[in-house]
Structures are given as structure tokens and as C-alpha cells.
Amino acid sequence: LSETVSREQGSSPKHQIKALAFDAYGTLFDVASVLSLCEELFPGKGSAVSQMWRAKQLEYSWLRSLMGRYENFSHVTESALVFSCNALQLSLSGRVRARLMDAYLHLTPFAEVPEALKALSSLKLAIFSNGSPQMLEAVVKNAGLTNAFTDIISVDSVKIFKPSPLAYELVVKTLGLEKSSVGFVSSNSWDALGGKSFGFRTFWINRAAAPLDELGFQPDAKLKTLAELPSLLKSQQFSV
Ligand code: LAC
């Protein structure tokens, strides 16, 4: 009986996924693509810089959200770069700083992204990111993906970063849909779980075969790459 109930609920229009919101950094765009520039600018220290830079960028976004001291993601990203160079005792000239910040506007999309987006285009597709509107517009345009999305939603409108529920709420308001009709796609486990906690149907893209964060709940599905998403969504469970 419970199987029948969940199948009926699963196929009712109320529970149908009508839109997908994609995280940007690490999900659509490969932040590791700044690694080669870091290595060129800081020989032998490229991976240390890029790893600390990304970790601090996220940490600063969470610290600022908890403190109620929002600054946009470009500011947070630059502060994290300055900190990382200080911590690793590397000098950071204005010119190098500008080149590294510019790399964030030219991130490479993961190889399967353009085709996967095409295969999903019967749904409403949006980006939902911590990135500032200027950063997002630039990275999407430089990757040639402008036409793939109906909306580019930045937390900048609510001035708090993911995983605050106030941030995810912005997607619901912008798209005019119920939470349960939105599929949220992220390769950042903390973000996938943040979206799940908020009430989205959540797809965790786990390219690195990383362990899931221990928060006591699970995303709706775990995928290796975005290429698996179109067929998964056609399955009865998601009834697109
Ligand atoms: C983003 C970060 C969290 O795009 O990856 O929002």
C-alpha cells in the first residue's frame, strides 16, 4: 500500500519537477580551472593556493551570513585570496590579484554540461548561486551558456549566502513555484543538503566520489555527473 501511495504522490502534478535550479561554482563551472593559473603565478604552490582560496571563500560566506555582515561574493572571493596568500607567505601584487579575480569570470564548464542542459531544456532551467550578478553574468556569457537559462538568480538580492533558507526561498519566489516542484542541483554536498533541508528535491552531483556531509539526512539522488540527470528525471520517481 505504501508503495502505491508514494507512486501516486510521485506522479501527481503537485509533485512533478517543473524547474531545475543549478548551483554555479563547482557544479556547472569547474573552479579547479583556476588551478593552472595559480600554478603559473605561484610555481609549486598552485594547488595549495587554489584549495585554500576556495575553502576560505566558502568559510567567509558562512561567517558573514552568521554575523549579518553581507558583502557580495566578489568581495568575499577577493578577501579569501588575500588571506590565502598571506597564510602561505606569498606576495600578491595588484596585477596578479586582478588576473586571479578575472579567472573567476572565465571558468570552464564541466565537459558534460552543455549537452545535459540541452537534454533538460523542456524544463525551466535557472542558475541559483552565491555569485554576484556581475560574476554570474560574465561566467555564463564567457561559457556561451546564456541561452540555456531562463533566470540567473543571485543571493545578492537577499544579502545572505547559502545555505540559509532565506537564500533558497529566493528561488521559489523568483520562479513562482512550490518548493516541491523545484529540483535543486549542486555538487557541493553542504549546498545539496541545504537545498534538501529547505524542501527542494535535491540532486547531488558527486564527481569526486566524496563522502556526504554528516548532517543526518540525504539528497534525493546522488549522481556521478550531470549527464545522468535527464534519464533520472524521466524515471517514475520524479515523473517529469
Ligand atoms: C555557488 C557556490 C556555492 O555557486 O558554489 O553558489
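Read on for an overview of the structure.

What counts, and at which threshold
Residues numbered from 1 in each chain as written. Predicted model: local features only at pLDDT ≥ 70, side-chain atom pairs only at ≥ 80, totals over all residues. Heavy atoms only, no water. Helix = DSSP H or I, 4+ residues; strand = E, 2+ residues; numbered from the N terminus. Rg over C-alpha atoms; globule rule 2.2 N^0.38 Å. Buried < 20%, exposed > 50% of the residue type's maximum accessible area, 1.4 Å probe, protein only. Areas by Shrake-Rupley, 256 points an atom, 1.4 Å probe, with all protein chains shown as cover. Lys, Arg positive; Asp, Glu negative; His and termini not counted. Charge placed at Lys NZ, Arg CZ, Asp CG, Glu CD. Phe/Tyr/Trp six-rings, centres within 6.5 Å; stacked < 30°, edge-to-face > 60°. Lys NZ or Arg CZ within 6 Å of the ring centre and 35° of its normal. Near = heavy atom within 4 Å. Polar contact = N/O pair within 3.5 Å; in protein donor to acceptor, adjacent residues only side chain to side chain. Nonpolar A, V, L, I, M, F, W, Y, C, P; charged D, E, K, R; others polar. Pairing = 2+ DSSP bridges. Axes fitted to C-alpha atoms, helices over the stretch in contact; angles between N-to-C directions. Contact = heavy atoms within 4.5 Å.

Regarding its fold elements, the protein presents 10 helices and eight strands. Relative to the 2.2 N^0.38 estimate, which gives 18 Å for 240 residues, the radius of gyration of the protein is 18 Å and therefore close to what a compact globule would have. Referenced to the eigenvectors of the C-alpha coordinate spread, the extents of the protein come out at roughly 65 × 35 × 30 Å. Counting every position in the protein, which comprises 240 residues, the buried fraction comes to 49%. Summed over its atoms, the accessible surface of the protein is roughly 11,500 Å², and 53% of this surface lies on carbon and sulfur atoms. Each charge class in the protein was averaged separately, 24 positive and 22 negative side chains, and the resulting centres sit 2 Å apart.

We now examine the packing of aromatic side chains. Inspection of the entire model under this criterion finds 15 aromatic pairs. Taking 6.3 Å as the distance between ring centres and 70 degrees as the angle between the ring planes, the aromatic pair formed by F22 and F149 counts as edge-to-face. One end of the pair, F22, is in strand β1 (residues 19-22); the other, F149, is in the loop between α7 (133-142) and β5 (151-154), with 127 residues separating them in the sequence. Take F22 and F149: they sit in the same class, and that class is buried. With 5.3 Å between their ring centres and 70 degrees between their planes, W53 and Y104 make a pair best called edge-to-face. Of this pair, W53 sits in helix α3 (residues 46-67) while Y104 sits in the loop between α5 (94-103) and β3 (108-109), placing them 51 residues apart in sequence. Y104 carries the same exposure label as W53, and that label is buried. One aromatic cluster is present, formed by Y25, W53, Y70, F73, Y104 and F161 through successive ring pairs. Seen from the ring of F83, K56 lies directly overhead, with NZ or CZ sitting 4.4 Å from the centre.

Attention now moves to the site of the ligand. As a matter of local geometry, the ligand sits amid D23, A24, Y25, R54, S129, N130, K162, N188 and W190. Note that an oxygen atom of the ligand is positioned 2.7 Å from one of the side-chain N or O atoms of D23. Contacts to the ligand include N130, whose backbone N or O atom sits 2.6 Å from an oxygen atom. Residue composition of the shell around the ligand, by class: three nonpolar, three polar and three charged.

With that settled, the discussion passes to the sheet that holds β5. Strands sit in the order β5-β4-β1-β6-β7-β8 across an open sheet of six strands; the sheet is parallel. Looking at strand neighbours, the two that pair on one side only are β5 and β8 (221-223), the edges of this open sheet. Strand-to-strand, the axes of this sheet are offset by a mean angle of 25 degrees, without reference to chain direction. Pairing geometry for strand β4 (residues 124-129) and β5, over four bridges, is parallel. Note that in β5 the partner of I127 across the bridge is I152. Sheet contacts for helix α8 (residues 165-175): β1, β4, β5 and β6 (182-186); angle to β5, the most-contacted strand, approximately 150 degrees.

Turning our eyes to something else, we now look at α7. Those residues of α7 that sit buried are M135, L136, A138, V139 and V140. Buried residues belonging to α7 abut β2 (29-30), α4 (73-87), β4 and β5. One or two positions beyond α7, positive phi appears at G144, with a value near 70 degrees.

Here we come to α8. Taken together, the buried positions of α8 are occupied by A167, Y168, L170, V171, V172 and L175. As for α8, its buried residues are in contact with β1, β4, β5, β6 and α9 (189-198). Once α8 finishes, G176 follows within two positions and takes phi at roughly 65 degrees, a positive value.

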